[in-house]
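Residue-level structural notes
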Amino acid sequence: MGKHTERRHKLRAQVLEKYGNRCATCGFAVKRALEVDHIQGGGKSDRRQRHQDRTTWLREALKDNSKYQLLCANCNRIKQFENKEWEAQKQFEMQLLS
Ligand SMILES: [Zn+2]
């Protein structure tokens, strides 16, 4: 494991600790399955930024816990699915209007 990866893992552990080491939705408490989630889903640019530099994003989550939450892999997928559903519904409505 490289130094950079090691530091990121440490940072991730700190973030998990700050957010209570459990899923905000269902309380699932297996660290390996927990993911840091942007509560608002973020914009597209925000998501791109997040992929660019995960360390920066984890640091931000450690500083400001009003924008982030911990979700287990299941709840995160469900949330993504629901968001996508909502997006599809919106597009469908816009088609009806045009
Ligand atoms: Zn969960």
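The text that follows walks through the structure, step by step, so that each part is easy to find. (Residues numbered from 1 in each chain as written. Predicted model: local features only at pLDDT ≥ 70, side-chain atom pairs only at ≥ 80, totals over all residues.)

Turning our eyes to something else, we now look at the nonpolar core. Formed by 13 residues in total, the largest nonpolar core has its most connected members in Cys 23, Val 36, Ala 61 and Leu 70. At the level of elements, strand S1 (34–38), helix H3 (54–63) and strand S2 (68–72) are the ones that each hand at least two residues to this core. Top element by residues in this core is S2. It accounts for four residues. Look past the residues within four positions of Cys 23 in its chain and what remains in contact with it is Phe 28, Leu 34, Leu 70, Leu 71, Cys 72 and Cys 75. (Core = buried A, V, L, I, M, F, W, Y, C linked by C-beta atoms within 7 Å. Buried ≥ 20, exposed ≤ 12 C-beta atoms within 10 Å, placed from the backbone. Helix = DSSP H or I, 4+ residues; strand = E, 2+ residues; numbered from the N terminus. Contact = placed C-beta atoms within 7 Å.)

Let us look at unusual backbone geometry. Here Asn 21, not a glycine, exhibits a phi torsion of approximately 55°, which is positive. Mapped onto the fold, Asn 21 is located in the loop between helix H1 (3–18) and S1. Classification of Asn 21 as partly exposed rests on a count of 14 C-beta atoms within 10 Å.

This part covers the packing of H1 against H3. Between H1 and H3, whose axes approach to 9 Å, the crossing angle comes to 25°. One finds that H1 runs roughly parallel with respect to H3. Where H1 crosses over H3, the handedness of that crossing is left-handed. From H1, Arg 8, Leu 11, Arg 12, Gln 14, Val 15 and Lys 18 reach across to H3, where they touch Arg 54, Thr 55, Leu 58, Arg 59, Ala 61 and Leu 62. Looking at the contact of H1 with H3, its residues break down into five nonpolar, two polar and five charged. (Axes fitted to C-alpha atoms, helices over the stretch in contact; angles between N-to-C directions. Parallel < 35°, antiparallel > 145°, perpendicular 65-115°, else oblique. Left-handed = near helix turned anticlockwise from the far one by under 90°. Nonpolar A, V, L, I, M, F, W, Y, C, P; charged D, E, K, R; others polar.)

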